[in-house]
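Fold and geometry: a report
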Amino acid sequence: MRFVDEFRSGELARKLRRELEGLVEPGRTLKLMEVCGGHTHTIYRHGLEDLVPAEIDYVHGPGCPVCVIPMGRVDDAIALAERPEVIFTTFGDMMRVPGGRGSLLEAKARGADVRMVYSPLDALELARRNPDRQVVFFAIGFETTAPATAVTLLRARAERIGNFSAFCNHVTIAPPLRAILDSPGLRLDGFIAPGHVSTVIGTGAYQFIARDYRKPVVVTAFEPIDILHATVMLVRQLREGRCVVENQYTRVVRPEGNPRAIAAIAETMELRDTFEWRGLGWIESSALRVRPAFAEWDAEVRFALPGGRIEDPKACQCGEVLIGAIKPWECRVFGTACTPERPIGTCMVSSEGACAAYYNYGRRNRVPA
Amino acid sequence: MRRRPRLRDELVTLAHGAGGKATRALVEGLFLEELGNPLLAPLSDSAVLSTNGGGRLAFTTDSYVVKPLVFPGGDIGELAVNGTVNDLAVVGAHPLALSAGFVIEEGFPVGELRRLAASMARAARTAGVPVAAGDTKVVERGKADGLYVTTAGVGFVASDVELGPERVRPGDRVLVSGTLGDHGLAVLIARGELDLEVDLESDTASVHELASALLELGGALRFMRDPTRGGLATTLNELAEAAGFSVALDETALPVRAEVAGACELLGIDPLYVANEGKLVAIVAPEAADAALAALRAHPLGRDAAIVGEVRDDPDALVLLETALGGTRIVDMLVGDPLPRIC
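Throughout this document, residue positions are counted from 1 along each chain, in the order its sequence is written. Throughout, the order in which chains and ligands are written sets their labels, letters from A for the former and numbers from 1 for the latter. Selection of residues for local features in this predicted model requires a pLDDT of at least 70, selection of side-chain atom pairs for listing and counting requires 80 or more, and totals for whole chains, interfaces and linings are taken over all residues.

Next up on the list: the overall build of chain B. Helix and strand counts for chain B come out as 8 helices and 14 strands. Atoms considered for the radius of gyration are the C-alpha atoms alone. The globule rule reads 2.2 Å times the number of residues to the power 0.38. In terms of overall size, chain B behaves like a compact globule, its C-alpha atoms giving a radius of gyration of 19 Å where 343 residues would be expected to give roughly 20 Å. Seen through its C-alpha atoms, chain B measures out along the principal axes to roughly 55 × 55 × 45 Å. Buried means a residue has 20 or more other C-beta atoms within 10 Å of its own C-beta, exposed means 12 or fewer, and partly exposed covers the counts in between; C-beta atoms are placed from the backbone. By the burial criterion, 50% of the 343 residues in chain B qualify as buried. Secondary structure follows DSSP: runs of H or I at least 4 residues long count as helices, runs of E at least 2 residues long count as strands, and numbering of each begins at the N terminus.

Take a look at the structure:
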């Protein structure tokens, strides 16, 4: 496959490994957090941990949008889906996420009209074709997917489509990173920052990590060679005692991001005072809601939601996995009570979740956190 | 010995139909518990029965609920013949006869039904097997999504054919007869829900001639399967478990069409988990691997055949993938349901 195979070349990988071997200090472990679930997926899918020197330890961060949705919001989604007038649309990954009352997949088996879509625009099209039904889109994700929801809201208003609404759960990437950096006892040496989010928000959004917390950051694309390249860039910064935000994903990411996408988000959504993150708890100014000007297309305004809060299951250690305190397999329910077929925690649900990636692709040589 | 999976769900979900772990839990945790007997227990593609005269018959059945009924490269009629012929062929049987049951929805156009029946007849002629028995039922509008077809098949197993996971040995080679994932992707894209235009056809075909060619290898041919729902990954996991050895795949050797690889990349699907309907997987003794590859490639359906891995003496019974990059990862069975109702 052209333009992909080049970024998966074994020859290039070996070259980068040799470079890394020359850069690391034998015996001194460097903990690098890949923030984005897409990176976690790539690391496991291509077996990158087998390739890098033993001194490099990838820690899997909070950037899996499915993994951070709290159970109460899943129950709200199920309550919406169970309304007889509603066609509830969602990305496929959210179907199996367990709430307090099971998952959307189980709600569908009980008779709820739940449909998988690849884009909110597909949900809008469903609304056009089913004028006698209410189509609700389960909007999740970071600044990566928020622009698509924003554009859909703008289009719904422009076309006066009255039977479409979004159940907004969009979150922002910087606040959880700050929360992780503020958590006591944390030992991280650098950050592999997300590529797709950065196409929207730009590289400037991570300056605080380098400036206030003195940790190097490299904005990184999603192919295995990209991640190896970023690893070299991070280790070189550490070696040279530098601490800046660098951009490995120059083929797409601009320092200022995508101003049109940012403007679309700003026009349709605003920051919530606070939002609950699965495993991380409540984080101020970390999520978006639909602006009052678009209340007509806001599922939280249009429908009464239970709005209940559900404690994460006691046995679940997703929170510790998400801050890199433990490796997925060190969780007490990993692979026993919690598996991709019957997940307890959300990190086990999405293929981008650290636990599912570990379980599905898992390495056989396990090194503790 | 592996524990039998338990069925802990209260309701059947689409995941139970995907061919992966949930399907296994349904089959082993419910049907095998209730219906279990020595013929059913191996859960192979066909049961092999001994007759009074000392001969052996292979017996199998399969239902087809594919949506849409017609897709690039095939339709439900052709699929229903090929799928059942293949289940017979991979246990080393020569197909003798099929049955076909039709559940038809009220209001279904007769012209379309005739076209599908004609397509079924063409596939049966190609495979050299008659549809010898049949049944029709009609249900109310909205109850059967047009048409469901169930076929069953019997075949004759020659006396010198001995295939089974227990015959697999470390060092044996893993062969696939062609490109992976064509059927599942072609059907998914034919639904038109994705706004993707990909020039791709289902691979639906009878693999009985490929199987016959491999049977010429005699005892060097250990075992065959057809990697349908759940894809090559799920088939090899079942094999690894049944044989008690691990299987190591070489990512660079896996034959995948560029169109399939590209669409999978876009959709976040792994071609290893996508269904095939005209392919077989064969486990062959190492010294016969080149001859097996040549035999497959000599047939038009096997021209993209490849040796993709080997059996390893490792009691963990895992499927491992050695990536193009030089890393190794575990390839588990399919979990969840990326593509419902593709066959």
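This part is about the sheet that holds strand β7 (residues 147–157) of chain B. Residues and elements named next belong to chain B. Any two strands with at least two DSSP-identified bridges between them are counted as paired. Read from one edge to the other, the open sheet built from 5 strands follows the order β1-β2-β7-β5-β6, with strand pairing classed as mixed. The sheet is open, and its two edges are formed by β1 (47–50) and β6 (131–139), each paired on a single side. On average, each strand axis in the sheet is tilted by 20° relative to the strand beside it, whichever way the strands run. Sheet topology note: the strand β5 (residues 93–105)/β6 ladder contains 8 bridges and is parallel. Bridged to A100 within β6 is G134. Placing a C-beta atom from the backbone of each residue, one calls two residues in contact when those atoms lie within 7 Å. What counts as an axis is a line fitted to C-alpha atoms, over the stretch in contact for a helix, and the angles between N-to-C directions run from 0 to 180 degrees. Helix α3 (residues 110–127) contacts β5, β6 and β7 of the sheet and is inclined by roughly 175° relative to β5.

Residues and elements named next belong to chain A. The interhelical angle for the contact between helix α7 (residues 146–158) and helix α12 (residues 259–268), taken along N-to-C directions, is 60°, at an axis separation of 8 Å. One way to sum up the angle between α7 and α12 is to call them oblique. Crossing of α7 over α12 shows left-handed handedness. Contacts between α7 and α12 involve A146, P147, A150, V151, L153 and L154 on the former and, on the latter, A261, A264, I265, E267 and T268. Per-class residue counts for the contact of α7 with α12 are 9 nonpolar, 1 polar and 1 charged. Throughout this description, any angle smaller than 35 degrees is read as roughly parallel, any larger than 145 degrees as roughly antiparallel, any in the 65 to 115 degree range as roughly perpendicular, and the remainder as oblique. In this scheme, a crossing is called left-handed if the near helix is turned counterclockwise away from the far one by less than a right angle; it is called right-handed if the turn is clockwise. Just so you know the grouping, Ala, Val, Leu, Ile, Met, Phe, Trp, Tyr, Cys and Pro go in nonpolar, Asp, Glu, Lys and Arg go in charged, and all remaining residues, Gly too, go in polar.

Let us look at the sheet that holds strand β5 (residues 134–141) of chain A. Residue and element names in this part refer to chain A. Read across the open sheet, the 4 strands follow the order β4-β3-β5-β6; overall the sheet is parallel. Sheet topology places β4 (114–116) and β6 (164–170) at the edges, where each strand pairs with a single neighbour. Going from strand to strand, the sheet's axes swing by 25° on average, the running direction of each strand aside. When strand β3 (residues 86–90) meets β4, the two strands line up parallel, connected through 3 bridges. Bridge pairing in β4 links T89 to R115.

As a rule of thumb, soluble globular proteins bury nonpolar side chains together. As used here, a nonpolar core is made of buried Ala, Val, Leu, Ile, Met, Phe, Trp, Tyr and Cys residues. They are joined through C-beta atoms within 7 Å. One finds A:A81, A:F88, A:F167, B:L175 and B:A282 to be the most contacted residues of the largest nonpolar core, which totals 218 residues. Here the element with the most residues in this core is helix α11 (residues 224–239) of chain A; it accounts for 9 residues. Residues contacting B:A282, with those up to four places away along its chain left out, are B:L175, B:L214, B:L221, B:M224 and B:A292.

A few words on the confidence of the model for chain B. Overall, the prediction assigns chain B a mean pLDDT of 93, with 97% of residues at 70 or greater. Our summary of model confidence lists the complex with pTM equal to 0.86 and ipTM equal to 0.77. Across the chain, each position has a pLDDT score giving the predictor's confidence in that residue, from 0 to 100.

This part is about the interface of chain A and chain B. Contact residues are listed per partner, giving 26 residues for chain A and 23 residues for chain B. When contributions to the side of chain A that touches chain B are tallied by element, the ones reaching two or more residues are α1 (10–23), α2 (37–45), α3 (48–51), α5 (104–109) and α15 (354–361) of chain A. The residue inventory of the side of chain A that touches chain B, partitioned by class, reads 12 nonpolar, 5 polar and 9 charged.

A few words now on the domain arrangement of chain B. Boundary definitions for the domains trace back to an automatic or database domain assignment. Taken as a whole, chain B is organised into domain 1 (1–38), domain 2 (48–157) and domain 3 (165–330). One C-alpha centre belongs to domain 1 of chain B, the other to domain 2 of chain B; they are set 24 Å apart.

Let's shift gears to α2(A). Residue and element names in this part refer to chain A. α2 sits mainly inside the fold: 8 of its 9 residues count as buried. For α2, every residue scored as buried is listed here: G37, G38, H39, T40, H41, T42, I43 and Y44. Trailing α2 by a residue or two, G47 shows a phi angle of about 65°, which is positive.

This brings us to unusual backbone geometry. B:K67 connects to B:P68 through a cis peptide bond whose omega is 5°. Among the secondary structure elements, B:P68 is positioned in the loop between β2 (56–64) and β3 (70–71). Residue A:R160 is not a glycine yet carries a positive backbone phi of 50°. Along the polypeptide, A:R160 turns up in the loop between α7 and β6. Unlike most non-glycine residues, A:R214 shows phi in positive territory, near 55°. Within the secondary structure layout, A:R214 lies in the loop between α10 (207–213) and β8 (217–219). Of the residues examined, A:R214 has 8 C-beta atoms within 10 Å and is grouped as exposed.

Before going further, it helps to examine the pairing of strand β1 (residues 30–36) of chain A. All names here are of chain A. With 6 of 7 residues buried, β1 lies mostly within the body of the structure. Two elements, β1 and strand β2 (residues 56–63), share 6 bridges in a ladder whose sense is parallel. Directly across from C36, in β2, lies its bridge partner G63. The pairing of β1 with strand β7 (residues 190–193) spans 3 bridges and is parallel. By the bridge assignment for β7, M33 is matched with F191.

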